[in-house]
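Structural overview for review
Now for the letters of each chain:
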Amino acid sequence: MKIHNTCKLILASTMFLTFWSCSDFLEEDPSFITEDTFYQTEQDAILAVNGIYETLGGGSANRGWEGVYFNNYWAATALASDEGKPGPLNFDNNYLQLANYTFDATNTVIFNIWSDFYQAINAANLAIDNIPDINMDQALKNRLMGEAHFLRGLFYFELVRMYGDVPLQLHATTTFTTETYLARTPSSEVYDQIIQDFTFAEANLPGSFSGIDKGRPTLWSAKAYLAKVALTQGDWQTAVTKTEDVMGGPFELWADYKEAFLIPNNNGKESVFAINFDSNGTGIDLIWEGAHLTFRPMAQEYRVIGANAGDLDIPTDQVYNVFDDLDRRKNVTFVAEDNIGGQDVVLSSPHVHKYWDRDAEPIPNNTGNDLQLIRYSDVLLMHAEALNELNSGPTATSLNSINLVRQRARNHAGVIEDVLPDLEATLSYQEFKDAILLERFKEFVWEGQRWFDLKRFDQFVQKINEAKPGVGVRPENTLFPIPQRERDINTNLTQNNGY
């Protein structure tokens, strides 16, 4: 989504509503806008919801210009799973600890994820608390409230999966005293609220957006997340119902896997919900918006052509070698050798380059590409997973869902390769479950899925040990520790087991 406004929301790190800044406003009236004077008009409501979106990317509202999905989110989950390891130029001990499972409650990345999500939650709470009292068009009010509830549900869903029991703050915090510090809420109650938020969004969001609003969450986005929540909780029937709802919607797979990651296809027919970082020349600051998509995983060898290549995070041998060479996803996801500046170069190791659209951005110093959170292939594979659990084995319907994904992977730029045959009903429950996890491994490399998948499939320790022999991964590591800096301030916070 491209947020087009003349002003941009500035949120202090303490999450007070401070001021809306633009040059004309400051020249005419330098006074601060407060909660009492701001939430008055329809435009105020729109700006308040747009302010939540700024917490997603690398905008000026955020800590160090980094938002929720800037890079800590995917980098932490990739490095802490079996799909990622530190690249040759990654010397940040906080990331190295994640990859080696030597982190503790003082890890800065783990703290930043926590604080970024709570900052974003407070932005959502400000909108949810104040928009209902604004005299404005009711249909637009309902839609904006739907967006705010969707985003709050998303933020809490990420938090509870990462940290377990977390404080459930449902109203905006504008002053801080010891009385405002909450204890951790049982995860079951957090999930209840997540479902309420997504259900509200499902009832109040439209089926589609157009123009500059394309990319905002839709009712389909809410349904897909309700399915993912249901899978996480083992509610197989709800997962089937919600995935089938989405499958009856306006989505389909691109014919070629590569098409899902081309910039002109952002918010296209396969995108159920994505984080849209591109400012599209509007001047709205989402600086370094795509650094985590191209900069971090790009091999340093590309610097000779002027690319901003960090070489910070690379795939494990496990994820690279799991692909058949004729699987189209391998060629799209990784690069191991290339012609760079007229020279044939073998890279130091395979690198991820699925987000680099070379036609749109021949020399990426940043990227306008989106971070895909739920693609239609995810809906299909969730559908297969839920049906397998519900029926204790594969059915014709669940096989069709996974086989659609496999069939697409055979398409190599229009040539159908002899690879990945359709799965058949002869598979047992466990064999089909393993096949689904394997398919997800190959389909969603570097999309923030794997860490959560390993936990849901109860293969967390096993798969990480296979990919990274000798690391100190333990069952307790399925949750991150509660950041020590938070516990020092809020003594009501207990710590997760094992930390």
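Calculation criteria
Residues numbered from 1 in each chain as written. Predicted model: local features only at pLDDT ≥ 70, side-chain atom pairs only at ≥ 80, totals over all residues. Heavy atoms only, no water. Helix = DSSP H or I, 4+ residues; strand = E, 2+ residues; numbered from the N terminus. Buried < 20%, exposed > 50% of the residue type's maximum accessible area, 1.4 Å probe, protein only. Contact = heavy atoms within 4.5 Å. Areas by Shrake-Rupley, 256 points an atom, 1.4 Å probe, with all protein chains shown as cover. pLDDT = per-residue confidence, 0-100. Core = buried A, V, L, I, M, F, W, Y, C linked by side-chain atoms within 4.5 Å. Salt bridge = Lys/Arg side-chain N within 4 Å of Asp/Glu carboxyl O. Phe/Tyr/Trp six-rings, centres within 6.5 Å; stacked < 30°, edge-to-face > 60°. Polar contact = N/O pair within 3.5 Å; in protein donor to acceptor, adjacent residues only side chain to side chain. Axes fitted to C-alpha atoms, helices over the stretch in contact; angles between N-to-C directions. Parallel < 35°, antiparallel > 145°, perpendicular 65-115°, else oblique.

What follows covers the overall build of the protein. Along the protein, the regular secondary structure elements total 19 helices and 10 strands. A buried classification covers 60% of the 499 residues belonging to the protein. Sequence separation of 24 or more characterises 69% of the internal contacts of the protein that already satisfy a separation of 6 or more. Per element, the accessible surface of the protein, about 19,000 Å² overall, is 50% carbon and sulfur.

Now for the confidence of the model for the protein. Counting all residues, the mean pLDDT for the protein is 89, and 87% of those residues have values of 70 or more. Confidence drops under a pLDDT of 50 for residues 2–33, and excluding neighbours within four residues, the segment shows 72 contacts in the predicted structure. pLDDT under 50 marks residues 279–288. Its contacts with residues more than four places away, or in other chains, come to 27 contacts.

Counting residues in hydrophobic clusters, the biggest one holds 126 residues, and the most contacted among them are Tyr69, Phe150, Tyr163 and Phe480. Per-element tally for this core: the top contributor is helix H7 (residues 138–163), with 14 residues. Sequence-distant contacts of phenylalanine 150, defined by excluding residues within four places in its chain, comprise Asp197, Phe198, Ala201, Leu205, Pro217, Ser221, Ala222, Tyr225 and Phe273. In this structure, Ala299, Ala309, Val335 and Ile340 belong to the second largest nonpolar core, which totals 10 residues.

What follows is about the pattern of salt bridges. Per the counting criterion, the structure on display carries 34 salt bridges. In this structure, the salt-bridge partner of glutamate 270 is arginine 408, at a minimum N-O distance of 3.0 Å. Linking glutamate 270 in the loop between helix H10 (236–247) and strand E4 (271–275) with arginine 408 in helix H15 (residues 396–409), this pair joins segments that are 138 residues apart in sequence. Assigned by exposure class, glutamate 270 and arginine 408 land together as buried. Here lysine 354 ties to glutamate 447 by a salt bridge, and the two come within 2.8 Å at their closest N and O atoms. With a gap of 93 residues between them, lysine 354 in the loop between strand E7 (343–352) and strand E8 (371–375) and glutamate 447 in the loop between helix H16 (429–443) and helix H17 (450–456) connect regions that are remote in the sequence. Looking at glutamate 447, the relative accessible area reads 2%, which means it is buried.

All told, the structure shown has 29 aromatic pairs when counted by the stated rule. Between tyrosine 69 and tyrosine 73 the ring centres are 4.8 Å apart and the planes differ by 70°, which places this aromatic pair in the edge-to-face class. For tyrosine 69, a relative accessible area of 0% corresponds to the buried category. Assessed through its relative accessible area of 4%, tyrosine 73 is described here as buried. Pairing phenylalanine 103 with phenylalanine 480 gives two aromatic rings, centres 5.8 Å apart and planes at 85°, and the pair type is edge-to-face. In this pair, phenylalanine 103 sits in the loop between helix H5 (93–100) and helix H6 (108–130) while phenylalanine 480 sits in the loop between helix H18 (460–467) and helix H19 (484–489), placing the two residues 377 residues apart along the sequence. Neither phenylalanine 103 nor phenylalanine 480 differs from the other in exposure class; each is buried.

Our focus in this paragraph is the side chain of aspartate 370. In this structure, aspartate 370 sits in the loop between E7 and E8. Aspartate 370 sits in the buried class, given a relative accessible area of 0%. A distance of 3.3 Å separates the side chain of aspartate 370 from the side chain of asparagine 266, its partner in a polar contact. There is a polar contact of 2.6 Å between the side chain of aspartate 370 and the side chain of asparagine 276.

Moving on to the packing of helix H3 (residues 42–54) against H6. How two helices pack is summed up by the angle between their axes together with the distance between the axes. Two elements in contact, H3 and H6, have axes separated by 9 Å at closest approach and are oriented at 170°. As the angle between them shows, H3 and H6 are arranged roughly antiparallel. From H3, Ala48, Val49 and Ile52 reach across to H6, where they touch Ala120, Ala123, Ala124 and Ala127.

This part is about unusual backbone geometry. Positioned with a positive phi, serine 392 is a non-glycine residue whose angle comes to about 55°. A relative accessible area of 55% places serine 392 in the exposed class. With a phi angle near 60°, aspartate 458 is a residue other than glycine that sits in the positive phi range. Residue position: aspartate 458 is located in the loop between H17 and H18. Accessibility expressed as a relative area gives 69% for aspartate 458, which makes it exposed.

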